[in-house]
Amino acid sequence: MLLSVITLAGWWLGLTELLQFFTRHPPLKLNAALSFFTLGAVLWATEQGKRATLYLAAGPALLGGLTLAEYILGLNFGIDEFLVHDFLVLETEHPGRMSAMIACCFVLSSLSILWRLSRHAARARLFAEATVGSIVASAGFSTLLG
């Protein structure tokens, strides 16, 4: 959540230093930072016993799903630069758009979190959470190594 707050501050204040630690690589986009923060806050609040916050996981699922639809359908829904203009266009085809891999991870993570709203099929839900967690961790580690 802290990294998300730093990234959000960098975008809203226009501070390149907070966005790009390595100048050759594109920064984390605003939509992705918002989604990371939201999922982190939902998980933290859930651990504090506030199950009502689980509904907020629908936001990252929607944002990730729309981003994937943009990639698959070749459309632009205007969500990429809705809140802030991407002033750091570096080797990206679509300014402000998070990568398809991050969007896919948000959809999977959000859906597994939203499944917690249901009390049915608890064993299957735990298995799905473990599987999604492994997929997201693998994607993250492979990105770091790449």
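K.L.:
Help me understand the overall build of the chain in this model?
P.N.:
Helices and strands together make up the secondary structure of the chain, namely six helices and zero strands. Accessible surface, the chain: about 9,000 Å² in total, of which carbon and sulfur atoms supply 70%.

K.L.:
Mind showing me how you'd approach helix α4 (residues 58–73) here?
P.N.:
Since one α-helical turn is 3.6 residues long, residues separated by three or four positions face the same way. For α4, which comprises 16 residues, the first-to-last C-alpha distance of 22 Å matches the rise-based estimate of 22 Å (1.5 Å per residue) to within 8%. Buried within α4 we find Pro 60, Ala 61, Gly 64, Thr 67, Leu 68 and Glu 70. Where α4 is buried, its residues contact α3 (30–47) and α5 (100–114).

K.L.:
Would you mind showing me how to read the nonpolar core here?
P.N.:
Core analysis: the biggest nonpolar cluster contains eleven residues, these being Ala 32, Leu 39, Val 42, Leu 54, Ala 57, Leu 68, Met 98, Ala 103, Phe 106, Val 107 and Ile 113. Contributing elements (two or more residues each) for this core: α3 and α5. Per-element tally for this core: the top contributor is α5, with four residues. With residues near it in sequence (within four places) discarded, Val 42 still touches Thr 53, Leu 54, Leu 56, Ala 57 and Ile 113.

K.L.:
What should I look at first to understand the packing of aromatic side chains in this one?
P.N.:
What characterises a pair of aromatic rings is the spacing of the ring centres plus the angle enclosed by the ring planes. Scanning all chains against the criterion turns up one aromatic pair. Each ring, one from Phe 36 and one from Phe 106, has its centre 4.8 Å from the other, and the planes form 70 degrees; the classification is edge-to-face. With a gap of 70 residues between them, Phe 36 in helix α3 and Phe 106 in helix α5 connect regions that are remote in the sequence. Judged by relative accessible area, Phe 106 falls into the buried class, the value being 3%.

K.L.:
Help me understand a nonpolar patch on the surface, please; the structure alone is not making it clear to me.
P.N.:
Residues Tyr 71, Ile 72, Leu 73, Leu 75 and Phe 77 make up a contiguous nonpolar surface patch of about 510 Å² in total accessible area. Relative to the helices and strands, Tyr 71 resides in helix α4. On the basis of relative accessibility, which here comes to 33%, the residue Tyr 71 falls in the partly exposed class.

K.L.:
Looking at this model, I keep getting lost on the side chain of Ser 112. Mind explaining?
P.N.:
Note that Ser 112 resides in helix α5. On the basis of relative accessibility, which here comes to 8%, the residue Ser 112 falls in the buried class. In terms of polar contacts, Ser 112 uses its side chain to reach the backbone carbonyl oxygen of Ser 109, at 2.9 Å. Those residues in contact with Ser 112, other than ones at most four positions away along the chain, are Glu 129 and Val 132.

K.L.:
Looking at this model, I keep getting lost on α3. Mind explaining?
P.N.:
In this model, α3 (18 residues) spans 26 Å end to end at C-alpha, consistent with the 26 Å of a helix rising 1.5 Å per residue. The set of residues buried in α3 consists of Leu 30, Asn 31, Ala 32, Ala 33, Ser 35, Leu 39, Val 42, Ala 45 and Thr 46. Just downstream of α3, Gly 49 is the residue with a positive phi angle, here 90 degrees.

K.L.:
Is there a simple way to explain the environment of Thr 67 in this structure?
P.N.:
Mapped onto the secondary structure, Thr 67 falls in helix α4. A residue is classified by how much of its surface remains accessible, and Thr 67, at 1% relative accessible area, is buried. Expressed as a C-alpha distance, the spacing of Thr 67 and Asn 31, which sit 36 residues apart in the sequence, is 9.6 Å. Ignoring any residue separated from it by four or fewer positions in sequence, one finds Thr 67 in contact with Ile 79, Arg 97, Met 98 and Ala 103.

Parameters and conventions
- Residues numbered from 1 in each chain as written.
- Predicted model: local features only at pLDDT ≥ 70, side-chain atom pairs only at ≥ 80, totals over all residues.
- Heavy atoms only, no water.
- Helix = DSSP H or I, 4+ residues; strand = E, 2+ residues; numbered from the N terminus.
- Areas by Shrake-Rupley, 256 points an atom, 1.4 Å probe, with all protein chains shown as cover.
- Expected span 1.5 Å × (residues − 1).
- Buried < 20%, exposed > 50% of the residue type's maximum accessible area, 1.4 Å probe, protein only.
- Contact = heavy atoms within 4.5 Å.
- Core = buried A, V, L, I, M, F, W, Y, C linked by side-chain atoms within 4.5 Å.
- Phe/Tyr/Trp six-rings, centres within 6.5 Å; stacked < 30°, edge-to-face > 60°.
- Patch = residues over 30% accessible without salt bridge, like charges linked within 9 Å, V, L, I, M, F, W, Y side chains within 5 Å.
- Salt bridge = Lys/Arg side-chain N within 4 Å of Asp/Glu carboxyl O.
- Polar contact = N/O pair within 3.5 Å; in protein donor to acceptor, adjacent residues only side chain to side chain.

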